[in-house]
Amino acid sequence: MQTSEKYARISASPTLLIDSKYKAMRASGVDVVGFGAGEPDLDTPIHIKKAAIAAIENGCTKYTPASGTPELKKAICQKLLTENGLFYAPSQIVVSNGAKHSLTNVFGAILNPGDEVIIPTPAWVSYPEMVKLADGVPVPLVTTEENFFKFKIEDLAAAITDKTRAVVINSPSNPTGMVYEEEELRAIAELAIEKDLYVVSDEIYEHLIYEGKHISIASFGEEIKNRTIVVNGLSKTFSMTGWRIGYTASADHIAKLMSNVQSHSTSNPNSIAQAAAVAALQGGLDFVHDMKAEYIKRRDYMVEQINSIDGVSCLKPAGAFYVMMNMKGLYGKSIDGKVIDSANTFAALFLEKAMVAVVPGEGFKADGYVRWSYATSMENIKKGMERLKVFIRQLQ
Ligand code: PMP
Ligand code: GLU
């Protein structure tokens, strides 16, 4: 029987594939260390868990409005105002099953067949697939390590065609950790206005910035705010990856399109997770500040270690919790007769021989790089770095 050609063009998420492979190996007793999926290692704070338990006990167990409860939308509006200087009304908020779902809604709402979306690369693995799912065309805008994985405004201008509908901004970035400065964001905003583009601003790592500070591109005035869809979620800030709460803030008509579609597809996100999300947003940011202090130590250690090993190197990321390791210096080397000729082969051999899971760069459109997540314990990081040294020493 025939199946959908469109679905056949969508590949599985390499980050989640690595993660499930790593978890299966660990479950079967293998001493594997995982640096794959970007998932905070700390548990969800107790006050958030308690709010979920109270929600169950108080009967918060029914359908809610498809785009989220009024309480959660209000808490999100309050957060956007106090943390980001953005005024949105609850009608402009759509709460979804994780930011991944929010982004899928966004591309569905703004694209028509053939519309192009500019995605600066290296980019998170899911953006191009989401764009294709919405019948759009992902257009990579290549950035390089020499330029700290940032594009120049003239590169963005040159990538715009009369089919360009949107540009994705992910600052801090997964996988590079780069953070755009205010002047850079202002230039992007000006260009987006001039060229009549949407800006999809994925701000999920906003609180994980070690150098500089987060600024939402939507905060530069009404004109840019109206054409920006701010995407955010609770997974990273509150270590709530499994709870699946993400949201968008946008112009009313876009929110309405997304909300209508969501009302037929998933309906509301989990009612208990929504109640817990209110407690998370209203409970202050101490948790993420402590987590950030811990991540700084891990990042510094990992960066120092990688840069002390011959054949590999990395930049010091300014945000998120990933390090992109340049491994081009290992091309042509081999182990047990197997030659490293790509990040894919490196990652496969590193997992097989050294029992360390990292994400190869190909999925991020970053050949020659592998991504390490440092959202894992210092003990694991030390083990991973040791194994990297031994593995590289064994190469011929
Ligand atoms: N955007 C980026 C850049 C991410 O790294 C992630 C992590 N999965 C997401 C969005 C989606 O997160 P979630 O669906 O867990 O909210
Ligand atoms: N965003 C995280 C990552 O890049 C989690 C996995 C995923 O959703 O892709 O690893």
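Structural data are supplied above this passage.
Residues numbered from 1 in each chain as written. Chains lettered and ligands numbered in written order. Predicted model: local features only at pLDDT ≥ 70, side-chain atom pairs only at ≥ 80, totals over all residues. Heavy atoms only, no water.

**Student:** With reference to specific residues and values, describe the overall build of the protein chain.
**Tutor:** Counting its secondary structure elements, the protein chain contains 14 helices and 15 strands. Here the protein chain has a C-alpha radius of gyration of 21 Å; the compact-globule value for 396 residues is 21 Å, and the two agree. Taken over the C-alpha atoms alone, the protein chain extends approximately 60 × 55 × 55 Å along its principal axes. Out of the 396 residues belonging to the protein chain, those deemed buried represent 56%. Across the protein chain, the fraction of contacts at a sequence separation of at least 24, relative to all contacts at a separation of at least 6, is 72%. Approximately 17,000 Å² of the protein chain is accessible, and the part contributed by carbon and sulfur atoms is 53%. (Helix = DSSP H or I, 4+ residues; strand = E, 2+ residues; numbered from the N terminus. Rg over C-alpha atoms; globule rule 2.2 N^0.38 Å. Buried < 20%, exposed > 50% of the residue type's maximum accessible area, 1.4 Å probe, protein only. Contact = heavy atoms within 4.5 Å. Areas by Shrake-Rupley, 256 points an atom, 1.4 Å probe, with all protein chains shown as cover.)

**Student:** Give me the lowdown on the pairing of strand E3 (residues 116-121), citing residues and values where you can.
**Tutor:** Burial analysis of E3 places 6 of its 6 residues in the buried class, the great majority of the element. Covered by surrounding structure in E3 are Glu116, Ile118 and Pro120 together with Val117, Ile119 and Thr121, the residues of both alternating faces. Both E3 and strand E4 (residues 137-142) contribute to a ladder of 6 bridges, which runs parallel. Directly across from Val117, in E4, lies its bridge partner Pro138. In this sheet, strand E5 (residues 164-170) lies alongside E3 in parallel orientation, the contact comprising 3 bridges. Pairing of Glu116 across the sheet is with Thr164, part of E5. (Pairing = 2+ DSSP bridges.)

**Student:** Report on unusual backbone geometry, specifying residues and quantitative values.
**Tutor:** For the peptide bond that leads from Thr121 to Pro122, omega is 0 degrees, which places it in the cis range. Residues Asn174 and Pro175 are joined by a peptide bond in cis, for which omega reads 20 degrees. On the secondary structure map, Pro175 appears in the loop between E5 and helix H8 (182-194). Although it is not a glycine, Phe149 sits at a positive phi angle of roughly 60 degrees. Mapping Phe149 onto the fold places it in the loop between E4 and helix H7 (153-159). Of the residues examined, Phe149 reaches a relative accessible area of 6% and is grouped as buried. For Ala320, which is not glycine, the phi dihedral falls at a positive 60 degrees.

**Student:** Please provide a residue-by-residue account of the sheet that holds E4, values included.
**Tutor:** Here 7 strands make up an open sheet; going across it, the order is E2-E8-E7-E6-E5-E3-E4 and the pairing mixed. In this open sheet, the two edge strands, each paired with only one partner strand, are strand E2 (93-96) and E4. Going across the sheet, the axis of each strand differs from the next one's by a mean of 20 degrees, ignoring polarity. Alignment of E2 against strand E8 (residues 246-249), held across 4 bridges, turns out to be antiparallel. Note that in E8 the partner of Val95 across the bridge is Tyr247. (Axes fitted to C-alpha atoms, helices over the stretch in contact; angles between N-to-C directions.)

**Student:** Kindly report on the environment of Gly114, identifying the contributing residues and their values.
**Tutor:** Of note, Gly114 is situated in the loop between helix H5 (99-110) and E3. Between the C-alpha atom of Gly114 and that of Ala66, which follows or precedes it by 48 residues, the distance is 29 Å.

**Student:** Account for the packing of H5 against helix H6 (residues 126-133), with residues named and values stated.
**Tutor:** Where H5 meets H6, the closest approach of the two axes is 8 Å, and the angle between their N-to-C directions is 40 degrees. Between H5 and H6, the angle is such that the two are oblique. For H5 against H6, the interelement crossing comes out right-handed. Listed contacts from H6 to Lys100, Leu103, Thr104 and Phe107 of H5 are Ser126, Tyr127, Met130, Val131 and Leu133. (Parallel < 35°, antiparallel > 145°, perpendicular 65-115°, else oblique. Left-handed = near helix turned anticlockwise from the far one by under 90°.)

**Student:** Any chance you could break down the site of ligand 2 for me, citing the residues and the numbers?
**Tutor:** Surveying the vicinity of ligand 2 reveals the residues Ser13, Thr15, Leu16, Ala37, Gly38, Lys100, Trp124, Asn174, Tyr205, Lys236, Tyr322 and Arg371. Side-chain polar atom of Asn174 to an oxygen atom of ligand 2: 2.9 Å apart, as the coordinates give it. Within the side chain of Arg371, a nitrogen or oxygen atom sits 2.7 Å from an oxygen atom of ligand 2. In isolation ligand 2 offers 280 Å² of accessible surface; the protein chains occlude 89% of this area. Per-class residue counts for the shell around ligand 2 are 5 nonpolar, 4 polar and 3 charged. (Near = heavy atom within 4 Å. Polar contact = N/O pair within 3.5 Å; in protein donor to acceptor, adjacent residues only side chain to side chain. Nonpolar A, V, L, I, M, F, W, Y, C, P; charged D, E, K, R; others polar.)

**Student:** Could you give me a rundown of the packing of aromatic side chains, with the residues and numbers involved?
**Tutor:** By the definition in use, this model includes 14 aromatic pairs. An angle of 90 degrees between the planes, with centres 5.4 Å apart, marks the rings of Tyr205 and Phe321 as edge-to-face. Placement of the pair is Tyr205 in the loop between strand E6 (198-202) and helix H9 (222-227) and Phe321 in the loop between strand E9 (313-314) and strand E10 (322-326), with a sequence separation of 116 residues. The burial state of Tyr205 is the same as that of Phe321; both residues are buried. Aromatic rings pair up to connect Tyr205, Tyr210, Tyr295, Phe321, Tyr322 and Tyr374 into one cluster. A cation over an aromatic ring shows up here: Lys225 above the ring of Tyr88, its NZ or CZ 4.4 Å from the ring centre. (Phe/Tyr/Trp six-rings, centres within 6.5 Å; stacked < 30°, edge-to-face > 60°. Lys NZ or Arg CZ within 6 Å of the ring centre and 35° of its normal.)

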